[in-house]
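In case you want the letters, here they are:
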Amino acid sequence: QGLGELGSSPTPSGHLLVLPPDCIHIARCFEATRRRCRRLEQDGRRVREQLARVEAERAALEVKLKHARNQVKVEMKKRHRAEAELEKQERKLQLVFDSLMREPSGSRMLSGEQCSVLSALAGRHLGGALVPGRRSSAVDESCQSLLSHSDISYDRTEDDVVRS
């Protein structure tokens, strides 16, 4: 029997039961509150499920970020080692070039064509590193902000949240 039909109803003995209007009003309010609670419980369940999905996605993204940072560290170490090796080889080549140019016997051993080829190689491939008295320098690319999570700020304000 629905609440809309409250007011008078037969009892098991067949007598008609009349309820006061206050009881009917209380019963209707109770039913409306029960429906609202059920809807809020469903909403809460749905929001908890959504939160669990979002937290799992965030955790997966944090793992990806950690792997990416580690990969950047590995690549930076490789690059620094390669740059150090390149600088070492350029210094050796510079010493050989200086030695050949300073010694009269060394410059006589080289033909004019060989000197021009060596100078061309010095200017083109080594960026002018084989110019007498000049040393190459490593490129300074500090990527510390990529490796550090301290530069990242998380805005936890609710300004962008639309409330219904």
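You'll find the structure just up there.
As a starting point, this report considers the structure included with it. (Residues numbered from 1 in each chain as written. Predicted model: local features only at pLDDT ≥ 70, side-chain atom pairs only at ≥ 80, totals over all residues. Heavy atoms only, no water.)

### Observations regarding the overall build of the protein
- Each helix and strand counted, the protein has 4 helices and 2 strands in total.
- Each helix (α) and strand (β) of the protein, taken in turn from the N terminus, gives the series β-β-α-α-α-α.
- Split into buried and exposed, the 164 residues of the protein put 11% on the buried side.
- Within the protein, counting contacts between residues at least 6 apart in sequence, those at least 24 apart form 54% of the total.
- In the form shown here, the protein has an accessible surface area of approximately 13,900 Å², with 57% of it arising from carbon and sulfur atoms. (Helix = DSSP H or I, 4+ residues; strand = E, 2+ residues; numbered from the N terminus. Buried < 20%, exposed > 50% of the residue type's maximum accessible area, 1.4 Å probe, protein only. Contact = heavy atoms within 4.5 Å. Areas by Shrake-Rupley, 256 points an atom, 1.4 Å probe, with all protein chains shown as cover.)

### Points about the pattern of salt bridges
- According to the stated counting rule, one finds 7 salt bridges in the structure shown.
- Here E62 makes a salt bridge to R58, at a shortest N to O gap of 2.8 Å. Highlighted residues: E62 and R58, both in helix α1 (residues 21-102), separated by 4 residues, approximately one helical turn.
- With a shortest N-O distance of 3.9 Å, K78 and E75 are connected by a salt bridge. Linking K78 with E75, this pair stays in helix α1, spanning 3 residues, or about one helical turn.
- E75 sits in the partly exposed class, given a relative accessible area of 39%.
- Put simply, E31, R34 and R35 are held in one network by salt bridges that share partners. (Salt bridge = Lys/Arg side-chain N within 4 Å of Asp/Glu carboxyl O.)

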